[in-house]
Amino acid sequence: MKKIEISFDAIPASAISQTKLTICLKCAFDFFTKQLKLSNRTAYSELKKHTPEEQDFTGAATARPHFLSGDETTNCPYCNGAKRWFATFTAIRVDAHPSFEKQRKKVWAALKKETELYALWAVERTQMQIFSEWLERLQHGLDLNDERWLLEAAMAQTKRSYPAVQWEEVTKEGLRRLQLSRQAEEDGVYENGWL
Ligand SMILES: [Zn+2]
């Protein structure tokens, strides 16, 4: 299959989140041939066209032959099939924001042309849904036993509030403390690990 990489670089990293979904091709093939009674050949071409649904990526609604795997997953949780049967889909989510709307539209237009490789979903969400889903992702990424968790959560909130800032660049020398200030004239001041 031809590989087309569409760059998301123009969109601030803090507005993008990725979820990987694994499919076990052995399970999927079994399903097509045994349950749907398709011939091997038809099953194969159906499999090639297969696109997971948005809810498959949520975890709660993920079902055979899909599963969310970590690096340590070596066998299919359903049929115990080996890793060579795995294929991966990546959901790339962009939370729109007025500060980079032009860039988002450009990426969207580029994606639209690559229907073979990308399926597009534009899902309307309320502010509250966006916030609670963000919280959920944040919670998954935090290690509450690590004493830095509060700093990381505060930084994540800062990124969310100012998505257009290249925060990785600003804080590349490390972050030791994050403090709210009434005196700062600009959006933020970074010095010596303090923001
Ligand atoms: Zn399987």
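Structure shown above.
From a predicted model like this one, the values you see are computed outputs, not experimental measurements.

Engineer: What's the story with the overall build of the protein chain in this structure? I'm lost.
Structural biologist: If you tally the helices and strands in the protein chain, you get six helices and three strands. The helix and strand sequence of the protein chain, counted from the amino end, reads β-α-α-β-β-α-α-α-α. Here the C-alpha atoms of the protein chain give a radius of gyration of 21 Å, more than 25% beyond the 16 Å that 2.2 N^0.38 yields for 195 residues. Its C-alpha atoms give the protein chain principal-axis dimensions of about 70 × 40 × 30 Å. The proportion of buried residues among the 195 residues of the protein chain is 9%. For the protein chain, the share of sequence-separated contacts (at least 6 apart) that also reach a separation of at least 24 residues comes to 64%.

Engineer: When you look at helix H4 (residues 127-141) in this model, what are you seeing that I'm missing?
Structural biologist: Think of an α-helix as 3.6 residues a turn; residues three or four steps apart then line up on the same face. Here H4 spans 21 Å end to end across 15 residues, near enough to the 21 Å set by a 1.5 Å rise per residue. A small share of H4 lies buried, amounting to zero of its 15 residues.

Engineer: Even after reading the chapter, I still don't get the sheet that holds strand S2 (residues 66-67), so can you show me in this structure?
Structural biologist: Strand pairing in a sheet relies on backbone hydrogen bonds, with the paired strands running either antiparallel or parallel. Spatial strand order, S2-S1-S3: three strands in an open sheet with antiparallel pairing. Each edge of the open sheet is held by one strand with a lone partner, namely S2 and strand S3 (86-94). Here helix H1 (residues 25-35) sits on the sheet in contact with strand S1 (16-24) and S3, set at roughly 60 degrees to S1.

Engineer: In this structure, what is going on with the environment of Lys83? I would like to understand it.
Structural biologist: Along the chain, the position of Lys83 falls in the loop between S2 and S3. For Lys83, a count of 12 C-beta atoms within 10 Å puts it in the exposed group. When the C-alpha positions of Lys83 and Thr58 are compared, they lie 22 Å apart, and in sequence the two are 25 residues distant.

Engineer: Teacher, can you tell me more about the environment of Ala28 here?
Structural biologist: Position of Ala28 relative to the elements: it lies in helix H1. Of the residues examined, Ala28 has 19 C-beta atoms within 10 Å and is grouped as partly exposed. Separated by 18 residues in sequence, Ala28 and Glu46 have C-alpha atoms that sit 9.8 Å apart. If sequence neighbours within four positions are ignored, Ala28 has contacts with Ile23, Leu47, His50 and Pro65.

Engineer: What is the right way to look at the pairing of S1 in this model?
Structural biologist: Remark: a regular strand shows side chains that alternate across the two faces of the sheet. Pairing of S1 with S3, which is carried by nine bridges, proceeds in the antiparallel orientation. Note on S3: the bridge partner recorded for Thr22 is Thr88. Two elements, S1 and S2, share two bridges in a ladder whose sense is antiparallel. Paired with Thr22 across the two strands is Phe67, which belongs to S2.

Engineer: Can you walk me through the environment of Ser181 in this structure?
Structural biologist: Structurally, Ser181 is set in the segment after helix H6 (167-170). Of the residues examined, Ser181 has 10 C-beta atoms within 10 Å and is grouped as exposed. Sequence spacing of Ser181 and Leu195 is 14 residues, and the spatial spacing of their C-alpha atoms is 9.5 Å.

Engineer: Before we go on, may I ask you to explain unusual backbone geometry in this structure?
Structural biologist: Glycine aside, a negative phi is what most residues show, and trans is what most peptide bonds show. Cis rather than trans, the peptide bond between Arg64 and Pro65 has omega equal to 5 degrees. Tracing the chain through its elements places Pro65 in the loop between helix H2 (40-49) and S2. The backbone of Lys37 sits at a positive phi, close to 55 degrees, despite the residue not being glycine. Its place among the elements puts Lys37 in the loop between H1 and H2. For Asn192, which is not glycine, the phi dihedral falls at a positive 55 degrees. Along the chain, the position of Asn192 falls in the segment after H6.

Engineer: In this structure, what is going on with the packing of H1 against H2? I would like to understand it.
Structural biologist: Two quantities define a packed helix pair, namely the angle between the helix axes and the distance between the axes. Two elements in contact, H1 and H2, have axes separated by 9 Å at closest approach and are oriented at 130 degrees. The orientation of H1 with respect to H2, classified from their angle, is oblique. Both H1 and H2 take part in a crossing whose hand is right-handed. Packed against H1, whose contacting residues are Leu25, Ala28, Phe29, Phe32 and Thr33, the element H2 presents Asn40, Ala43, Glu46 and Leu47 at the interface. Here the contact of H1 with H2 is built from residues that sort into six nonpolar, two polar and one charged.

Rules behind the numbers
- Residues numbered from 1 in each chain as written.
- Predicted model: local features only at pLDDT ≥ 70, side-chain atom pairs only at ≥ 80, totals over all residues.
- Helix = DSSP H or I, 4+ residues; strand = E, 2+ residues; numbered from the N terminus.
- Rg over C-alpha atoms; globule rule 2.2 N^0.38 Å.
- Buried ≥ 20, exposed ≤ 12 C-beta atoms within 10 Å, placed from the backbone.
- Contact = placed C-beta atoms within 7 Å.
- Expected span 1.5 Å × (residues − 1).
- Pairing = 2+ DSSP bridges.
- Axes fitted to C-alpha atoms, helices over the stretch in contact; angles between N-to-C directions.
- Parallel < 35°, antiparallel > 145°, perpendicular 65-115°, else oblique.
- Left-handed = near helix turned anticlockwise from the far one by under 90°.
- Nonpolar A, V, L, I, M, F, W, Y, C, P; charged D, E, K, R; others polar.

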